[in-house]
Amino acid sequence: QVQLVESGGGLVQPGGSVRLSCAASGTIYSIYTMAWYRQTPGKQRDMVASITNGGITDYADSVKGRFTVTRDNAKNTIYLQMNSLKPEDTAVYYCNADIRRTTGFRNLDWGQGTQVTVSS
């Protein structure tokens, strides 16, 4: 069994910063690409940032230059540093990871989501 647990969301003022974390645990053999998505009510879940196990990153155009994704492979953890936040960044943020279990089974797993609200 594999779990992804996110933390770090909350209320932040426009222009402020917040750091999200997502730790994977369980019967993990290897983790490939990890990513952050976000979703607002009535909208689809969109990719915000991703990072491969080799450290190659990709960002949505809307967050380039403001958000930074990193990962600690020893801790099976992905981070999202969010700076210069805007009200339109308000969403539930989900982490996603491509994980191979010790059984050999490989799956895309999701965290439970963490709310980020940008408001004055």
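Small disclaimer: the values here were computed from a predicted structure and weren't measured.

Chemist: How should the nonpolar core be read in this particular structure?
Modeler: One recurring pattern in soluble globular proteins is that nonpolar side chains are buried together. In terms of nonpolar packing, the biggest core is built from 30 residues, with W36, L80, M82 and Y93 touching the most fellow members. Tallying contributions element by element places strand β9 (residues 91-101) first for this core, with 5 residues.

Chemist: Is there a simple way to explain the pattern of salt bridges in this structure?
Modeler: When their charged atoms lie close together, side chains carrying opposite charge are able to pair. Inspection of the entire model under this criterion finds 5 salt bridges. Between R38 and D89 there is a salt bridge, with its nearest N and O atoms 2.9 Å apart. On the criterion of sequence distance, the pair formed by R38 in strand β4 (residues 28-39) and D89 in the loop between β8 (77-82) and β9 is long-range, its members being 51 residues apart. According to the relative accessible area criterion, D89 is buried, its value standing at 1%. Salt-bridge contacts for D61 lead to K64; the nearest nitrogen and oxygen are separated by 3.1 Å. The class for K64 is partly exposed, based on a relative accessible area of 49%. Counted as one network, the salt bridges with shared partners bring together R38, R66 and D89.

Thresholds, definitions, all that
Residues numbered from 1 in each chain as written. Predicted model: local features only at pLDDT ≥ 70, side-chain atom pairs only at ≥ 80, totals over all residues. Heavy atoms only, no water. Core = buried A, V, L, I, M, F, W, Y, C linked by side-chain atoms within 4.5 Å. Buried < 20%, exposed > 50% of the residue type's maximum accessible area, 1.4 Å probe, protein only. Helix = DSSP H or I, 4+ residues; strand = E, 2+ residues; numbered from the N terminus. Salt bridge = Lys/Arg side-chain N within 4 Å of Asp/Glu carboxyl O.

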